[in-house]
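These are the residues of each chain, in order.
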Amino acid sequence: MSIKNFFDARSVAVVGASSSPDKLSNAILRNLIQSGYQGNIYPINPKASEIENYKAYPSVSSLPEAVDLAVLVIPASKVLEVAKECGEKGVKNIITITAGFKEVGKEGLEAEKKLAALCGKYGMRMLGPNCAGMMDTHVPINTSFAKAFPKKGDIAFFSQSGAMLVAILDWSFKVGLGFSKVVSLGNKTNLTEIDFIQEAADDPYTKVILCYIEDVADGPKFLDVVGQATRKKPVIIYKSGASQAGAQAASSHTGALAGSDLAYDIAFQQCGVIRARSITELFELAITFANSPVPQGPKVAVVTNSGGPGIITTDNIELRGLTMSRFTKETLDILRAGLPPEAGIYNPVDVLGDALADRYSFALETVCKDPNVDSVVVIICPTATNNPTEVARVVAEMKGKFPEKAFYGAFFGGPAMDEGQEILNNEGIPCFTFPEPVISSIGQMVSYNDYKTSQVSERQERPGNIDKKAVKAVFYDVLKDNRLVLLGSETTEVARAYGIPAAPIALATTPQEAVDEAEKMGYPVVLKVASPKILHKTDVGGVKVGLATAEEVYSGFQEIVENSHHYMPQAEIYGVEVQKMMPKGTELIIGMTRDVQFGPMIAVGLGGIYVNLIKDVSFRLARGLTRREIEKMIMETKAYTLIRGYRGDKPKDMGALIDAVERVANLVMDFPEITEIDVNPVFAYEEGLSALDIKITISVS
Ligand code: COA
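Residues numbered from 1 in each chain as written. Predicted model: local features only at pLDDT ≥ 70, side-chain atom pairs only at ≥ 80, totals over all residues. Heavy atoms only, no water.

Caption draft 1: Geometry of the sheet that holds strand β6 (residues 93–96). With parallel pairing, the five strands of this open sheet are ordered in space as β2-β1-β5-β6-β7. A single partner strand is all that each edge strand has here, and the edge strands are β2 (40–44) and β7 (125–127). Across the sheet, the mean angle separating the axes of adjacent strands is 20° when strand polarity is ignored. The strands that helix α2 (residues 24–34) touches are β1 (11–15), β2 and β5 (69–72); relative to β1, the one it contacts most, it runs at about 160°. Packing of helix α3 (residues 76–89) onto the sheet brings it into contact with β1, β5 and β6, and relative to β5 it is tilted by some 175°. (Pairing = 2+ DSSP bridges. Helix = DSSP H or I, 4+ residues; strand = E, 2+ residues; numbered from the N terminus. Axes fitted to C-alpha atoms, helices over the stretch in contact; angles between N-to-C directions. Contact = heavy atoms within 4.5 Å.)

Caption draft 2: Up close: the site of the ligand. In the vicinity of the ligand lie 22 residues, with S18, K23, N45, K47 and A99 positioned nearest. For the ligand, an oxygen atom lies 2.6 Å from a polar atom in the side chain of K23. Between the ligand and K78, the relevant distance is 3.4 Å, taken from a nitrogen atom to a side-chain nitrogen or oxygen of the residue. When its residues are assigned to classes, the shell around the ligand shows 13 nonpolar, six polar and three charged. (Near = heavy atom within 4 Å. Polar contact = N/O pair within 3.5 Å; in protein donor to acceptor, adjacent residues only side chain to side chain. Nonpolar A, V, L, I, M, F, W, Y, C, P; charged D, E, K, R; others polar.)

Caption draft 3: Local environment of helix α4 (residues 106–122). Its 17 residues place the ends of α4 25 Å apart at the C-alpha level, agreeing with the 24 Å of an ideal helix rising 1.5 Å per residue. Every buried residue belonging to α4 is among G108, A111, E112, L115, L118, C119 and Y122, and all of these are buried. The buried side chains of α4 occupy one side of the element, clustering within an arc of 110° when seen end-on. Exposed positions of α4 whose direction lies more than 90 degrees from the buried face are K106, G120 and K121. Buried residues along α4 sit against α3 and β7. Two residues or fewer after α4 comes G123, characterised by a positive phi angle close to 65°. (Expected span 1.5 Å × (residues − 1). Buried < 20%, exposed > 50% of the residue type's maximum accessible area, 1.4 Å probe, protein only. Arc of directions from axis to C-beta.)

Caption draft 4: Focus on the environment of L177. Tracing the backbone shows L177 in the loop between α5 (162–175) and β11 (178–184). Expressed as a C-alpha distance, the spacing of L177 and G153, which sit 24 residues apart in the sequence, is 7.2 Å. Among all residues touching L177, those that are not within four sequence positions of it are K151, I155, W171, S172, F283 and I287.

Caption draft 5: Expanded view of the pairing of strand β27 (residues 617–621). For β27, a buried count of four out of five residues is recorded, marking the element as mostly surrounded by other parts of the structure. Across five bridges, strand β26 (residues 599–606) lies against β27 in antiparallel orientation. Looking across to β27, one finds that M601 is bridged to L621.

Caption draft 6: Molecular detail of the side chain of S618. Here S618 is to be found in strand β27. What makes S618 buried here is its relative accessible area of 6%. Of note is the side chain of S618, whose polar atom sits 2.9 Å from the backbone oxygen of M633. If we ignore the near neighbours within four places in the chain, the residues touching S618 are I602, A603, V604, M633, E636 and T637.

Now the structure itself:
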């Protein structure tokens, strides 16, 4: 359901509107009136007949119409009763400003659940509770208790913290930032950041969407909806409150490698969200995205009047994955001829400390004509002779002459730079004091542009030869045996059912059975103790490799059982697993750990016993994972150098690896009860691959 008429409501009731200017409800009513809101305004108060020159009504039910929007600013004890009244009256949108719900404990949580149920029952959309309200500068409407109404602009800002929102608004006046919409999300009981992002993506007055959130309301829905929104306009999010819970609960290699905040990182990356790492960065990015055209590529030219800032900027350009433009010979010749002999003509162009505006003008015009320049960063440091304001005017003039180039300023200094910075910002040329925010903003814009242009829709095909029933049967037996961790022979059965190539393995309960199995699969073989309690088999003498005869297998079985009894007398031993010893291949890992918000995350990278030390893995969410994305994630790892064929080695079977990762992703999406998977090592060969050790943990679903 659209929430458009949440903002352009034709009538608004302020329930609890007080005549007392000290009360929030009075402030909200005054804000609504002063915002220039054109619709009908109804103060609701059982004791007053008129408030702020508007006729007051004793209750929602006594209103002459079912208003489009009701703002509830009444004590928590009254909210349920009034929300019900709204529902019965046919009010479709409510904002509950009132605090005292789930944030205060169990009782509050219960009340909030009842509030959610009322919204469901009457088909009402609710913002809050525990929120500061919302504003739209284009309607205009202000149902918040913020101190002031923001300047009109094209940034939509949604914040989970009301306090942060009102503080940012106040600050926005200092820096001249304008907003289209500002929403305090509160407890996100009904409407969440997802609804507002979706609405803002189609709002013609919004160019950039900004969010401050502490969590995501619904991981899968966020990925779908926000993934669509980012194709239309930039969505920049600052997320705080990285939870440690996920990382602590992880017992697998993959889980430990993922850490606590990684799911947000990859989810944001996968759906094109630009992640700000601080509040400062959130607004620096907002300013840049709202004002500047997106650079057409990563090549940056720098024009500076001093060496140090030029070097700092160059460092930052490399750090952010951008490239310093390499000027053409023609550009270099013109610069050489027109600048003093001491000037630097290669990028960064150093026009020297005595440069006045005309020298900047010459250098800028020359580099802007160079086809290897996508964006231009103009740096100036104050000297006794130069005039930053005039330089700013020159940059603004260049923007007019070269509209296809993106211009930025780093005006180093204090008050001497104020006027110049203001001129640039007013001209839509982002200008900061230091180069770091300039370069990080260019980097984010270039990446966003790459993301948008590379969005070719690829259908996610389900691989063939999948036997879900076989996996179900294995899990059933494991749970019946009161276990959650699968034995090697069981995990291999699961892998086979999903077409994941695995080395043959069989469980033997006697030495003779082990010999029979070894004969069947062919020598050499590996023996491993099979016990759900023994996780580190090598440590208890529970593994023997390279056994080439029946005698070795027979006595190997006996030794493993003896060792295991000796080191772990309490552990129940199911027998010994006989596994075909596979030829050595490139050791890789494929794994899965589950994130509470975004579901299964797939890892692929360098395998073996040092995985946690080397940490060469790349992650993606299993949801919607395509073969192309799997290929990209493999290419991100150092292991890819080995897969391609390192130092004369033949390349390994990339297709088989992509296939195996895709099958693991399908397995974990099909079986939510799988909590963790580690396939380590997987041996990759020139042709095909083989999973040697597969660990699967399940939960009781
Ligand atoms: N219908 C209409 N009006 C009602 C009502 C009802 N059912 N019940 C009470 N009222 C009126 C009261 O009579 C009062 O008006 P008055 O001043 O004319 O007497 C008005 O509503 C407000 O009630 P009051 O008891 O004075 O509450 P309050 O103004 O002290 O506090 C809140 C109300 C909502 C502000 C408070 O409960 C609260 O939640 N504060 C925190 C808000 C917050 O921080 N939100 C999150 C921001 S991020």
